[in-house]
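Residue strings, one per chain:
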Amino acid sequence: METLSPRERVERALEHKEPDRVPIDLGGFQSGITVIAYEKLKEKLGIKRPTRLSERNQQLAVVDEEVLQAFGVDTRYVFPHSPSSWNPQEIETPHSKAYIDEWGVRWEKPHSGYYYDPVGFPLKNATKEALSGYRWPNPNDKSRFSGLKEEARKFYEAGFAVGTTVSGVFEQGSYLVGLERMLVDMVDNPKFIEALLDGVLEVLVKLYGNFLEEVGAYLSFFEIWEDVSTQNGPLFSPALYRKMIKPRTRELIAAVRKKTRAKIALHSCGSVFWAIDDFLEIGVEVLNPIQVSAAHMDGAVLKEKYGDRLSFWGAIDTQRVLPQGSVAEVEEEVKRRIDDLGRGGGYMLAAVHNIQPDVPPENIITMF
């Protein structure tokens, strides 16, 4: 078989055609590597330059080009910027670091912790009527998109598959009120939640539309993250998902589809087998991260049932194998997932979500 460019390899796989080898991904906000894990990896590889931060909340590293090249990574990423009008100044306390994002959400990381978690919710006690007085982010701020067209074009012309990952409607809405209120009010106060989600949807449609005006022509995949499951099943009743979240995700996907030829990917951790038919109905073409340690997420079963309609992305176990397994177990894991998901195309290899601080560098090297 001919040797393909990285973009040809990814796009052929996502079209359910078998490429010259399984495409490899590293560097997204759901397929990246934490700073701690990356610094250990760089030490092992003999790379001495400082580590740059790509995403604050998950403490993800910018992966250096020489590492991407060494690992044969086929993807490169572009993301919308934060607006220049927002001041991301950190707040230091004796026990933590914190900041307030442009939506008004307070994020905090204990000094002994690994991540920033949402702890302050600007609409936690709001009424439906009060939503009209909330200061929504400005999706038209041009500083969000400065330089992105040139960056995406550079990757595209170098032959890489360019992608992005962005927040979904439910996920962003839950940050505004807190997950507890979101889940309770989906049952007890649905009109408020629907109004909240409609407000979020309006901002995201405009924001992603503006972003895609700049980079849409260069993208191979566009991922929306929208966690709707736990390890064992749905986070809420499937009926509530289909009433409140699914229609709005459908609308968001339709808006994205107007601006790019990129494949539409959905990220949802956990056991999402119950929702895959719903995902397909609203236009999802690629599923991430394939959390193989969750219930009903056996790769071979997923490939058999959905492999002609859905591509799979991820699947290398980060819950046990990567952090705790031997090098031999990592090698066996990679071979198994390629065997389960890669035949006939339809698979892009990556870790199940980001590579965490406890993953030994030897296992990362073995995986790639």
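Here's what I pulled together on the structure shown here. Here the residue index of a chain counts from 1 through its sequence in written order. Only residues with pLDDT of at least 70 get local features here, since the model is predicted, and only at 80 or more are side-chain atom pairs given and counted; chain-wide, interface and lining totals rely on the full set of residues. To obtain the side-chain values, all non-hydrogen atoms of the structure were included, while hydrogens and water were left out.

1. Overview of the overall build of the protein chain
Okay, so step 1: The helix and strand tally for the protein chain stands at 13 helices and 13 strands.
Okay, so step 2: When we talk radius of gyration, it's over C-alpha atoms, and the globule rule is simply 2.2 Å times the number of residues to the 0.38. Here the C-alpha atoms of the protein chain give a radius of gyration of 20 Å, agreeing with the 21 Å that 2.2 N^0.38 yields for 368 residues.
Okay, so step 3: Taken along its principal axes, the extent of the C-alpha atoms in the protein chain is 60 × 45 × 40 Å.
Okay, so step 4: Restricting the contact set of the protein chain to residue pairs at least 6 apart, pairs at least 24 apart contribute 72%.
Okay, so step 5: Surface accessibility of the protein chain: about 15800 Å² in total, with carbon and sulfur atoms responsible for 50%.
Okay, so step 6: Across the protein chain, the mean location of the 45 positive side-chain charges is 3 Å away from that of the 54 negative side-chain charges. Under the DSSP-based scheme used, a helix requires at least four consecutive residues in state H or I and a strand at least two consecutive residues in state E, with every element numbered from the N terminus. Two residues qualify as a contact provided that any one of their heavy atoms is within 4.5 Å of a heavy atom in the partner residue. Computed with the Shrake-Rupley method and a 1.4 Å probe, the accessible areas treat only the protein chains shown as cover for residues. Within this scheme the basic residues Lys and Arg register as positive and the acidic residues Asp and Glu register as negative, but His and the chain ends are omitted. A single reference atom marks each charge: NZ on Lys, CZ on Arg, CG on Asp, CD on Glu.

2. A short note on the side chain of Glu171
Okay, so step 1: The topology assignment puts Glu171 in helix 5 (residues 169-177).
Okay, so step 2: Categorising residues by exposure relies on relative accessible area from a 1.4 Å probe, with only protein chains included: less than 20% of the type maximum marks a residue as buried, more than 50% marks it as exposed, and the intermediate range marks it as partly exposed. When a carboxyl oxygen of Asp or Glu is within 4 Å of a side-chain nitrogen of Lys or Arg, the pair counts as a salt bridge. No salt bridge is formed by the buried Glu171. Its closest oppositely charged neighbour is Arg248, at 15 Å.
Okay, so step 3: A polar side-chain atom of Glu171 sits 2.9 Å from the main-chain amide nitrogen of Asp227.
Okay, so step 4: With sequence-adjacent residues up to four places away left out, Glu171 is seen in contact with Trp225, Glu226 and Asp227. For this analysis, a polar contact is any N or O atom pair within 3.5 Å, provided that within protein one partner can donate a hydrogen and the other can accept it, and provided that sequence-adjacent residues contribute only side-chain to side-chain pairs.

3. Here's the deal with unusual backbone geometry
Okay, so step 1: Following Asn288, the chain continues to Pro289 via a peptide bond in cis, the omega torsion being 5°.
Okay, so step 2: By the element assignment, Pro289 lies in the loop between strand 11 (286-288) and helix 10 (299-306).
Okay, so step 3: Positive phi outside glycine occurs at Gln59, with the angle close to 55°.
Okay, so step 4: Note on placement: Gln59 falls in the loop between strand 1 (53-55) and strand 2 (60-61).
Okay, so step 5: One non-glycine residue, His296, lies in the positive phi region at around 65°.
Okay, so step 6: Take His296: it is sitting in the loop between strand 11 and helix 10.
Okay, so step 7: Given the relative accessible area of 59%, His296 is considered exposed.

4. A short note on the nonpolar core
Okay, so step 1: For this analysis, a nonpolar core means a set of buried residues of the types Ala, Val, Leu, Ile, Met, Phe, Trp, Tyr and Cys, connected via side-chain atoms within 4.5 Å. Among the nonpolar cores identified, the biggest contains 114 residues, and Leu26, Ile33, Met186, Phe222, Phe279, Ile355 and Met367 are the most heavily contacted of them.
Okay, so step 2: It is helix 7 (residues 190-215) that contributes the most residues to this core, 13 residues altogether.
Okay, so step 3: Apart from the residues within four sequence positions on either side, Phe222 is in contact with Thr164, Val166, Tyr208, Phe211, Leu212, Val256, Ala262, Lys263, Ile264 and Ala265.

5. Observations concerning the sheet that holds strand 10 (residues 263-267)
What links the strands of a sheet is backbone hydrogen bonding, and the strands pair in either a parallel or an antiparallel sense.
Okay, so step 1: The strand order across the open sheet formed by seven strands is 3-8-9-10-11-12-13, and the pairing between neighbours is parallel. With one partner strand each, in any of the chains shown, strand 3 (75-77) and strand 13 (347-351) form the two edges of the open sheet. Strand after strand, the sheet turns through a mean of 25° between neighbouring axes, direction not considered.
Okay, so step 2: Across five bridges, the pairing between strand 12 (residues 311-316) and strand 13 is parallel. When the sheet's bridge partners are listed, Trp313 is paired in strand 13 with Met348.
Okay, so step 3: Here, axes are lines fitted to C-alpha atoms. For helices the fit covers the stretch in contact, and angles between N-to-C directions go from 0 to 180 degrees. Packed onto the sheet, helix 7 meets strand 8 (161-167) and strand 9 (219-225) and runs at close to 165° relative to strand 9. Pairing between two strands requires that DSSP report at least two bridges joining them.

6. Regarding the packing of aromatic side chains
Okay, so step 1: Stacked, tilted and edge-to-face are the three classes assigned to paired rings of Phe, Tyr and Trp, where Trp is represented by its six-membered ring and a pair needs centres within 6.5 Å; plane angles under 30 degrees give stacked, over 60 edge-to-face, the rest tilted. In total, this model carries 17 aromatic pairs according to the counting rule given.
Okay, so step 2: Seen in terms of ring centroids, Trp103 and Trp136 are 6.4 Å apart; in terms of plane orientation they differ by 85°. Their pairing is edge-to-face. Pair noted here: Trp103 is in the loop between strand 5 (96-100) and strand 6 (106-110) and Trp136 is in the loop between strand 7 (117-120) and helix 4 (148-157), with a separation of 33 residues, a long-range link.
Okay, so step 3: An aromatic cluster is defined as three or more aromatic residues linked by ring pairs; in this entry it consists of Phe29, Tyr77, Phe79, Phe221 and Trp313.
Okay, so step 4: Should the NZ of a Lys or the CZ of an Arg lie within 6 Å of a ring centre and within 35 degrees of the ring normal, that charge is described as sitting over the ring. The residue whose ring lies beneath Arg7 is Tyr156, and the NZ or CZ to ring-centre distance is 3.8 Å.
Okay, so step 5: Of note, Arg76 hangs over the ring of Phe160, and the distance from its end group to the ring centre comes to 3.7 Å.

7. Details of the pairing of strand 5
Okay, so step 1: By the bridge criterion, two bridges tie strand 4 (residues 91-92) to strand 5 in an arrangement that is antiparallel. When the bridges of strand 5 are listed, Glu92 appears paired with Lys97.
Okay, so step 2: Hairpin remark: strand 4 followed by strand 5, antiparallel, with three residues in the connecting loop.
Okay, so step 3: Sheet analysis places strand 5 next to strand 6, joined by five bridges and oriented antiparallel. What sits directly across from Ala98, in strand 6, is Glu108.
Okay, so step 4: Taken together, strand 5 and the strand that follows it, strand 6, pair antiparallel across an intervening segment of five residues, in which Gly104 is found at a positive phi of about 95°.

8. As for the sheet that holds strand 5
Okay, so step 1: Strand order in the open sheet formed by four strands is 4-5-6-7, with antiparallel pairing between adjacent strands. What marks the edges here is a single partner per strand, and that holds for strand 4 and strand 7.

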